[in-house]
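Here is what each chain is made of, one letter per residue.
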Amino acid sequence: MSYPVEQNEKFAAYANPERLVSTEWLAAAIDGGALDNGKLVVVESDEDVLLYETGHIPGAVKVDWHTDLNDEVTRDYVDGQAFALLAAAKGISRDTTVVIYGDKSNWWAAYALWVFTLFGHDDVRLLDGGRDKWIAEGRELSTAVPSPAPGNYPVVERDDAPIRAFKEDVLAHLGKPLIDVRSPEEYTGQRTHMPAYPEEGALRGGHIPTAASIPWARAAAEDGTYRSRPELEALYLDEAGLTEGDDVVAYCRIGERSSHTWFALKYLLGFDTVRNYDGSWTEWGNAVRVPIVKGAERGAVPAGVR
Amino acid sequence: MRKLEAMSTYALPTALAEIVDDFQALSEPERLQLLLEFSLGLPELPERLRDHPELLEQVVECQSPLFLTIETEKNDGGSPAFRLFFKAPREAPTTRGFAGVLHEGLDGLTAEEILAVPDDMPELLGLTRAITPLRMRGMTAMLGRIKRKVAASARLSS
């Protein structure tokens, strides 16, 4: 870790406190000139592609999940070369401490962090509470777009296996814990998209057999910060039934909301093996002959699937 | 992506056609900047609507809360003019931006002019690469809702 880790009581209870920073910490770091030498880079990643332009944390650069992190042709993430170009253009070097924040309780910021992790970027952290908390606290915003000195980023081959699950992996995983982070309406199959969002072309509604329903936003408090460790344990251990050492797969619609849950399970509760199934319901709900359960019950793995 | 030439712009009202031309003339980052300017330029609701949210309808297909309504205004001799009113939060600049485009492009026009706008007009703005398909569909839904409301109102008064 190249930049000092924040110490506070809430974070200390988490398995990996070094993965979060608070708004106070970031404001003090920026005031102290942390952004001047490329050791620390602040990245904003939002759902709304124009939000950064309306005002952002002074000195922050923008990474757009749709145009920067996704491959334009294949449904996949960018390759090592494209990622190296992106990082360097944003002033990020391989040893830079990257702090990511965004709108909607860091929903997309967590997704960007997960993609950085696919490339093995060592020190990447989330701003607890994200954009909304920074603004709610009346902290400074700027519309000035920085032009950072280019970073020095090697071409690193993406290593998907440890944190990313594909459909075949999920089929092989059936019988082990799955967390469905979508809304209850999507889980039961009443609808195939988020409430108040358009239907998005999944042919079947429901959930992957045995998946526990823990909508992603339940891991966030009203101010957009992650809930405390005891609260997260009540959610994922008591309610979802996970136990220490479990191998877990989380999914949603396209893998963005489940990145937020992936972060909580991996870094806040310390599960070693947590994978995000980014194909999620837009793949599973359209795939031929995969098992699906409708309704509020988790259901069982059908005989003959494994 | 669809070829722009394949879609005719002949049915676009003058103001909307000018907006489309402005977008087309720009590079992609500049188009986003222009959309941001439209989001800043979206007029506030008049007071009589501000205090009556029940008079506006939500377009649920938009990713951010977007409410709209229409009113008719008598025109000297001609068909009535339709006035458009939108409400969208500042934290949703993309949604607001498109509302701003529709406001500047369609406000004050007749039913005939508004109903002639092609349903896939949002694609003419050249934003389909920069903006996710989900959002593009929200924009299309916003236009669709306006056209449905205008058509219903025009039927009632004819």
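Side note on the sheet that holds strand S5 (residues 124-127) of chain A
Within a sheet, neighbouring strands are paired by backbone hydrogen bonds and run either parallel or antiparallel to one another.
Residues and elements named next belong to chain A.
Next up, step 1: In spatial order, the strands read S1-S5-S4-S2-S3; together these five strands make up an open sheet with parallel pairing. Taken across any chain shown, the strands that pair with only one partner, and hence form the sheet edges, are strand S1 (20-21) and strand S3 (61-62).
Next up, step 2: When strand S4 (residues 97-101) meets S5, the two strands line up parallel, connected through three bridges. Following the sheet pairing, Val99 is matched in S5 by Arg125.
Next up, step 3: Strand contacts of helix H2 (residues 23-31): S1, strand S2 (40-44), S4 and S5, with the helix running at about 125° to S2, the strand carrying the most contacts.

What to know about the pairing of S4 of chain A
Along a regular strand, successive side chains alternate from one face of the sheet to the other.
Next up, step 1: The buried fraction of S4 of chain A is high, at five of five residues.
Next up, step 2: Side chains of S4 of chain A alternate between two faces, with Thr97, Val99 and Tyr101 of chain A and Val98 and Ile100 of chain A buried alike.

Brief notes about the environment of Val61 of chain A
Residue and element names in this part refer to chain A.
Next up, step 1: Checked against the element boundaries, Val61 lands in strand S3.
Next up, step 2: Expressed as a C-alpha distance, the spacing of Val61 and Val145, which sit 84 residues apart in the sequence, is 7.1 Å.
Next up, step 3: Filtering out sequence-adjacent residues up to four positions away, Val61 remains in contact with Val41, Val42, Val43, Glu44, Tyr52, Lys90, Pro146 and Pro148.

Brief notes about the confidence of the model for chain B
All names here are of chain B.
Next up, step 1: Mean pLDDT over chain B: 87, with 91% of residues reaching 70 or higher.
Next up, step 2: Mean pLDDT across the elements of chain B ranges from a minimum in strand S1 (residues 57-58), with 82, to a maximum in helix H1 (residues 14-24), with 96.
Next up, step 3: Within the model, the stretch residues 1-6 combines pLDDT values under 50 with eight contacts to residues more than four positions away or in other chains.
Next up, step 4: Both confidence scores are given for the complex: pTM 0.88, ipTM 0.75.

Here's the deal with the side chain of His260 of chain A
Residues and elements named next belong to chain A.
Next up, step 1: Secondary-structure assignment places His260 in helix H10 (residues 257-268).
Next up, step 2: Residue His260 is classed as buried on the basis of its relative accessible area of 1%.
Next up, step 3: Dropping the residues within four chain positions of it, His260 is found in contact with Ser105, Asn106, Ala110, Trp216, Ala219, Ala220 and Tyr226.

Re the packing of aromatic side chains
Between two aromatic rings, the relevant description is the distance of the centres plus the angle of the planes.
Next up, step 1: Taken as a whole and assessed by the stated rule, the structure comprises 19 aromatic pairs over all chains.
Next up, step 2: Taking the centre distance of 5.4 Å and the plane angle of 80° together, the rings of Tyr77 of chain A and Trp114 of chain A count as edge-to-face. One end of the pair, Tyr77 of chain A, is in the loop between helix H3 (65-69) and helix H4 (80-89); the other, Trp114 of chain A, is in helix H5 (residues 103-118), and 37 residues separate them in sequence. Each member of the pair, Tyr77 of chain A together with Trp114 of chain A, is buried.
Next up, step 3: For the pair Trp107 of chain A and Trp108 of chain A, a centre-to-centre distance of 5.6 Å together with 10° between the ring planes defines the contact as stacked. For the pair Trp107 of chain A and Trp108 of chain A, one class covers both residues: buried.
Next up, step 4: These aromatic residues form a ring-pair network of at least three members: Trp65, Tyr77, Trp107, Trp108, Tyr111, Trp114 and Trp216 of chain A.
Next up, step 5: Above the plane of the ring of Trp134 of chain A lies Arg139 of chain A, whose end atom (NZ or CZ) is 5.7 Å from the centre.
Next up, step 6: Here the guanidinium or amino end of Lys87 of chain B rests over the ring plane of Phe67 of chain B, the centre of that ring lying 5.1 Å away.

What about the sheet that holds S1 of chain B?
All names here are of chain B.
Next up, step 1: Taken together, the four strands give an open sheet; going across it, the order is S1-S2-S3-S4, and neighbouring strands pair in antiparallel fashion. With partners counted over all chains shown, the strands left at the sheet margins are S1 and strand S4 (109-110), one partner each.
Next up, step 2: Taken strand by strand, helix H4 (residues 93-106) contacts strand S3 (81-87) and S4, and its axis lies near 165° from that of S3.
Next up, step 3: Taken strand by strand, helix H6 (residues 133-157) contacts S1, strand S2 (67-73) and S3, and its axis lies near 35° from that of S2.

Observations regarding the pattern of salt bridges
All names here are of chain A.
Next up, step 1: For the structure on display, the rule yields 33 salt bridges over all chains.
Next up, step 2: Measuring nitrogen to oxygen at the nearest pair gives 2.7 Å for the salt bridge that ties Arg131 to Glu44. Highlighted residues: Arg131 in helix H6 (residues 130-136) and Glu44 in strand S2, separated in sequence by 87 residues.
Next up, step 3: With relative accessibility at 6%, the residue Arg131 sits in the buried group.
Next up, step 4: With a shortest N-O distance of 3.8 Å, Glu231 and Arg227 are connected by a salt bridge.
Next up, step 5: One salt-bridge network, held together by shared partners, links Asp76, Arg158, Asp160, Arg164 and Asp278.

Regarding helix H2 (residues 28-41) of chain B
All names here are of chain B.
Next up, step 1: Its 14 residues place the ends of H2 20 Å apart at the C-alpha level, agreeing with the 20 Å of an ideal helix rising 1.5 Å per residue.
Next up, step 2: Residues of H2 that are buried: Arg31, Leu32, Leu34, Leu35, Leu36, Phe38 and Ser39.
Next up, step 3: Residues of H2 that are buried in the fold lie against H1, H4 and H6.

Topic: the packing of H5 of chain A against H10 of chain A
All names here are of chain A.
Next up, step 1: Where H5 meets H10, the axes come as close as 7 Å, and the angle between the chain directions of the two elements is 70°. The orientation of H5 with respect to H10, classified from their angle, is roughly perpendicular. As H5 runs across H10, the sense of the crossing is left-handed. Packed against H5, whose contacting residues are Ser105, Asn106, Trp107, Ala110, Tyr111, Leu113, Trp114 and Thr117, the element H10 presents Arg257, Ser259, His260, Trp262, Phe263 and Tyr267 at the interface.
Next up, step 2: Partitioning the contact of H5 with H10 into residue classes produces eight nonpolar, five polar and one charged.

Criteria and thresholds
- Residues numbered from 1 in each chain as written.
- Chains lettered and ligands numbered in written order.
- Predicted model: local features only at pLDDT ≥ 70, side-chain atom pairs only at ≥ 80, totals over all residues.
- Heavy atoms only, no water.
- Pairing = 2+ DSSP bridges.
- Helix = DSSP H or I, 4+ residues; strand = E, 2+ residues; numbered from the N terminus.
- Contact = heavy atoms within 4.5 Å.
- Axes fitted to C-alpha atoms, helices over the stretch in contact; angles between N-to-C directions.
- Buried < 20%, exposed > 50% of the residue type's maximum accessible area, 1.4 Å probe, protein only.
- pLDDT = per-residue confidence, 0-100.
- Phe/Tyr/Trp six-rings, centres within 6.5 Å; stacked < 30°, edge-to-face > 60°.
- Lys NZ or Arg CZ within 6 Å of the ring centre and 35° of its normal.
- Salt bridge = Lys/Arg side-chain N within 4 Å of Asp/Glu carboxyl O.
- Expected span 1.5 Å × (residues − 1).
- Parallel < 35°, antiparallel > 145°, perpendicular 65-115°, else oblique.
- Left-handed = near helix turned anticlockwise from the far one by under 90°.
- Nonpolar A, V, L, I, M, F, W, Y, C, P; charged D, E, K, R; others polar.

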